[in-house]
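Examination of the molecular architecture
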Amino acid sequence: MKISILKGWKLWQRLTLLAVLAVISFTGLLTIIVYLKQDKLVQAEVDAMNKTHQGLLVVGDVHVAPFQNFPYFSIKVDDVSIYESKEDSAAVILEVADIYVGFNVWDLLAGHYDVKKLLVEDGFFNIITHEDGRTNLQNALAAPDEEVEVEEPLDIHLQRIEFKNLDVHNLNESDHLD
């Protein structure tokens with residue numbers, strides 16, 4: 001009787017160990033896949049944004065941050081800046097230290113890069129309403145004068161945007177109120 005209970009107990013221990021190893025292996029494999037594709041994914045989107053808009057998007061390093069936006073798998077983008085135009089003297093609209101881009105794990109495995117959550121940390125967001133009524137953000141997001149053909153854009157189905165330690169300013173140039 002005691003031997004059959006021990007055999008049953010060992011079976012449960014083995015199954016539990018197998019399940020834990022499967023979860024660890026799955027997480028490791030997913031981290032490797034995202035790590036290998038992260039630079040290509042982010043740089044392709046930055047290039048597409050810069051081709052299809054008047055403004056300029058500049059990003060720093062890219063890292064995998066698998067648990068920052070849990071339950072989503074995240075890519076951390078450092079030193080993100082958005083400028084109103086591509087000119088050297090263009091005003092900065094957004095400058096943040098970190099943006100975490102959250103993806104659904106199953107979408108990543110299927111090859112669909114669908115952004116679900118953004119976490120924006122440490123920086124500032126300056127919205128300027130020019131005297132003609134347009135904002136600097138509208139100018140940056142405006143299409144360029146010539147038509148540019150680009151690949152299919154990244155799907156964005158944001159369910160949540162979270163801001164941490166972000167200063168937001170809205171300046172109206174006509175009356176200089178902030």
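Residues numbered from 1 in each chain as written. Predicted model: local features only at pLDDT ≥ 70, side-chain atom pairs only at ≥ 80, totals over all residues. Heavy atoms only, no water.

1. Focus: unusual backbone geometry
The criterion, for reference: Strands here are runs of E lasting at least two residues and helices are runs of H or I lasting at least four, both read from the DSSP assignment and numbered beginning at the N terminus.
Even without glycine at this site, Asp79 takes up a positive phi of about 50 degrees. Residue position: Asp79 is located in strand β3 (residues 73-83).

2. Comments concerning the confidence of the model for the chain
Caution applies to low-pLDDT parts of the model: their predicted coordinates are not meant to be read in detail. Inclusion rule: The predictor attaches a confidence to each residue, called pLDDT, with possible values from 0 through 100.
For the chain, the average pLDDT comes to 80, and 86% of its residues sit at 70 or higher. Mean pLDDT in the chain bottoms out at helix α2 (residues 105-109), which sits at 73, and peaks at strand β4 (residues 92-103), which reaches 90.

3. A few points about the pattern of salt bridges
Where we set the bar: Counted as salt bridges are all cases of a side-chain nitrogen of Lys or Arg within 4 Å of a carboxyl oxygen of Asp or Glu. Think of it in three bands: with a 1.4 Å probe and only protein chains considered, a residue is buried below 20% of the maximum accessible area for its type, exposed above 50%, and partly exposed in between.
Scanning the model with the defined rule gives 5 salt bridges in all. Here Lys76 and Asp78 are joined by a salt bridge, their closest N and O atoms 3.6 Å apart. Between Glu162 and Lys164 there is a salt bridge, with the nearest N and O atoms lying 3.8 Å from each other. The class for Lys164 is partly exposed, based on a relative accessible area of 37%. Within the structure, one salt-bridge network assembled from shared partners comprises Lys117, Arg160, Glu162 and Lys164.

4. Some points on the side chain of Lys116
Its location among the elements puts Lys116 in strand β5 (residues 114-129). By relative accessible area, Lys116 is classed as buried at 14%.

5. Section: a negative patch on the surface
Test applied: Surface patches are drawn from residues lacking salt bridges whose relative accessible area is over 30%; two like charges belong together within 9 Å, two nonpolar side chains (Val, Leu, Ile, Met, Phe, Trp, Tyr) within 5 Å. For every accessible area listed, the method is Shrake-Rupley and the probe measures 1.4 Å; residues are considered covered only by the protein chains on display. His is not counted, nor are the chain ends; Lys and Arg add positive charge and Asp and Glu add negative charge. Just so you know, the charge point we use is NZ for Lys, CZ for Arg, CG for Asp and CD for Glu.
A cluster of acidic side chains, namely Asp39, Asp61, Asp79 and Glu95, defines a negative patch on the protein surface. Secondary-structure assignment places Asp61 in the loop between β1 (56-58) and β2 (62-65). Looking at Asp61, the relative accessible area reads 53%, which means it is exposed.

6. Section: the environment of Asn136
Mapped onto the elements of the fold, Asn136 is located in helix α3 (residues 136-141). Look at Asn136 and you get buried, because its relative accessible area is 0%. Spatially, the C-alpha atom of Asn136 lies 9.2 Å from that of Val92, the residues being 44 residues apart in sequence.

7. A short note on a nonpolar patch on the surface
Judged by side-chain polarity, Leu11, Trp12, Leu15 and Leu18 come together as a nonpolar surface patch covering roughly 460 Å² of accessible area. Along the chain, Leu18 falls in helix α1 (residues 2-52). Overall, Leu18 belongs to the exposed group, its relative accessible area being 55%.

8. Things to note about the nonpolar core
Selection rule: Remark: nonpolar core denotes a set of buried residues (Ala, Val, Leu, Ile, Met, Phe, Trp, Tyr, Cys) joined through side-chain atoms within 4.5 Å. Here, two residues are considered to be in contact whenever any of their heavy atoms come within 4.5 Å of each other.
In terms of nonpolar packing, the biggest core is built from 19 residues, with Ile75 and Val96 touching the most fellow members. Elements with a minimum of two residues in this core: α1, β3, β4 and β5. Broken down by element, the residue count for this core peaks at 6 residues, all from β4. The contacts of Val96, once residues within four sequence positions are left out, are Asp79, Val80, Val120, Glu121, Asp122, Gly123, Phe124 and Leu166.

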